[in-house]
Amino acid sequence: PSAPCQSSILFDEPPPYPFYHKGSIAFRGFNLIHQLLLLHIFVFCPYNYSTMKFFAASLLFGSAAALAPESSRRELLGKTLAAGAALAAPAAANAYFVPDLPYAFEALEPYIDAPTMKIHHDKHHATYVANINKAREGKDEVPILDLMADALEAGPVRNSGGGHYNHAFFWEEMAPADVAKKTKCSDQLSGLIDKSFGSMDEMKAKFEAQAAPGAVFGSGWVWVCVNQAGDKLEIVGTPNQDNPLMKGVKDEVMFPILGLDVWEHAYYLKYQNRRPEYVSNWWNVVNWDKVSENCAYVVENHAGVPVEG
């Protein structure tokens, strides 16, 4: 027949083909599947890769259900939602993820610009997370902190896992400038700074010297760490996505309480080649309350600070 289909989007009126008469198994089966797909698209999620996987499973089982005998049709239709949900779900329920920022992208202006924050968080950090999930596929999921100690011997964990931990740590230690200026070092942290460096100003000067291009050449991080004994702070530079929690990076494992990303992607849109300016401005958004919490945790537990994601 050449007549066009006149049915509505939910097939309230069947097209003029005998196979689709309103009382047929095929019509009822396809009508149900069609409605399930619409429900999934408009209610549960946007049109994305997961939706496409749900389509595939639904059409596979739903088509079989529409054409199957009455005795088996209900069973096949029941499998439609189960298969779609299974395919649309993440590969692992506990897979690593990029944590939300605790502030808006523009909140650290004018010291760190919104475009840099968005690209840094949504693109760079997301790439590290995608790669560590791929590298760990099929393995038991453990907190990313637990992978740091042996990361140098674990292939992709060194860069991708280190990148995830470092960035998740980094976002949490900053705050908008008007908030950051109201934060302060705890007595414990102040005492360790004075003992280790002489004063806060001396600590900042040594940190900025370590963050200079000549000290961390190319890409890397600069950290304030508590030593193994828990009685002294040290400033440490690491290349790429290494951190002081990794065995072999330094003479001994140390526990970061403050860290700064000096990869160009962290500052280049605003500062270009002026890394020292980026570093000195960054102090304006450091949340000393959070750094103090990190210090207290490390001294008490002799372990790295856990991160979200």
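Residues numbered from 1 in each chain as written. Predicted model: local features only at pLDDT ≥ 70, side-chain atom pairs only at ≥ 80, totals over all residues. Heavy atoms only, no water.

### Details of the sheet that holds strand β2 (residues 233–239)
Taking strand neighbours across the sheet as the criterion, the 3 strands line up as β2-β1-β3 in an open arrangement whose pairing is antiparallel. Because the sheet does not close on itself, it has two edges, and the strands there are β2 and β3 (255–261). Strand-to-strand, the axes of this sheet are offset by a mean angle of 25°, without reference to chain direction. Sheet topology places strand β1 (residues 220–226) next to β3; 6 bridges connect them, and they run antiparallel. In the sheet register, Trp221 faces β3, and the bridge partner there is Asp261. Its contacts with the sheet put helix α5 (residues 156–172) on β1 and β3, and the angle it makes with β3 is roughly 85°. Packing against the sheet, helix α7 (residues 187–197) makes contact with β2 and β3, and its axis sits at approximately 80° to β2. (Pairing = 2+ DSSP bridges. Helix = DSSP H or I, 4+ residues; strand = E, 2+ residues; numbered from the N terminus. Axes fitted to C-alpha atoms, helices over the stretch in contact; angles between N-to-C directions. Contact = heavy atoms within 4.5 Å.)

### What to know about the pattern of salt bridges
The final tally for this structure, using the stated rule, is 4 salt bridges. When the shortest N-O distance is used, the salt bridge between Arg274 and Glu277 registers 2.6 Å. Judged by relative accessible area, Glu277 falls into the partly exposed class, the value being 34%. (Salt bridge = Lys/Arg side-chain N within 4 Å of Asp/Glu carboxyl O. Buried < 20%, exposed > 50% of the residue type's maximum accessible area, 1.4 Å probe, protein only.)

### Observations concerning the state of the cysteines
Following the criterion strictly, the structure yields 0 disulfides and no others. As a non-bridged cysteine, Cys185 has Cys295 as the owner of its nearest cysteine sulfur, 9.0 Å distant. (Disulfide = S-S within 2.5 Å.)

### Here's the deal with the environment of Val98
The topology assignment puts Val98 in the loop between α3 (70–88) and α4 (114–135). For Val98 and Lys123, which are 25 residues apart along the polypeptide, the C-alpha to C-alpha distance reads 10.0 Å. What Val98 contacts, discounting residues up to four positions off in sequence, is His121, His125, Ala126 and Val129.

### As for the packing of α7 against helix α8 (residues 200–211)
Here α7 crosses α8 at 65°, and the two axes come no closer than 8 Å. Here α8 runs roughly perpendicular to α7, going by the angle between their axes. With respect to the hand of their crossing, α7 and α8 are arranged in left-handed fashion. Between α7, through Ile193, Asp194 and Phe197, and α8, the contact on the second element is made entirely by Met200, Glu202, Met203 and Lys206. Split by residue class, the contact of α7 with α8 holds 4 nonpolar, no polar and 3 charged. (Parallel < 35°, antiparallel > 145°, perpendicular 65-115°, else oblique. Left-handed = near helix turned anticlockwise from the far one by under 90°. Nonpolar A, V, L, I, M, F, W, Y, C, P; charged D, E, K, R; others polar.)

### Here's the deal with the confidence of the model for the chain
Scored by pLDDT, the chain comes out at a mean of 81, with 70% of its residues at no less than 70. Confidence drops under pLDDT 50 across residues 37–67; counting only partners more than four residues distant or on other chains, this segment forms 50 contacts. (pLDDT = per-residue confidence, 0-100.)

### Some remarks on the packing of aromatic side chains
In the structure shown here, the tally under the stated rule is 11 aromatic pairs. A ring pair is formed by Phe207 and Trp282, whose centres lie 5.8 Å apart and whose planes are at 15°; its orientation type is stacked. Taken together, the residues Phe207 in helix α8 and Trp282 in helix α10 (residues 275–282) connect sequence positions 75 residues apart. One exposure class covers both Phe207 and Trp282, and it is buried. Three or more aromatic residues joined by ring pairs make a cluster, and in this case those are Tyr165, Phe169, Phe170, Trp171, Trp221 and Trp223. Taking NZ or CZ as reference, Lys270 lies 5.7 Å from the ring centre of Tyr271, over its face. (Phe/Tyr/Trp six-rings, centres within 6.5 Å; stacked < 30°, edge-to-face > 60°. Lys NZ or Arg CZ within 6 Å of the ring centre and 35° of its normal.)

### Section: the side chain of Asn294
Structurally, the position occupied by Asn294 is in helix α11 (residues 288–301). Classification of Asn294 as buried rests on a relative accessible area of 2%. When near neighbours in sequence (up to four residues on either side) are disregarded, Asn294 contacts Phe169, Ile257 and Val305.

### Comments concerning α4
With 22 residues, α4 should reach 32 Å at 1.5 Å per residue; the first-to-last C-alpha distance of 31 Å fits that figure. Within α4 the residues assigned to the buried category are Ala114, Thr116, Met117, His120, His121, His125, Tyr128, Val129 and Ile132. In this structure, the buried side of α4 is in contact with α5, β3 and α9 (268–271). (Expected span 1.5 Å × (residues − 1).)

### Observations concerning the side chain of Glu173
As for its placement among the helices and strands, Glu173 is situated in the loop between α5 and α6 (177–180). Although buried, Glu173 forms no salt bridge, and the nearest oppositely charged side chain, Lys290, lies 8.7 Å from it. For Glu173, the residues in contact, after removing those within four places along its chain, are Ile257, Leu258, Gly259, Leu260, Trp282, Val285, Val286, Asn287 and Lys290. (Lys, Arg positive; Asp, Glu negative; His and termini not counted.)

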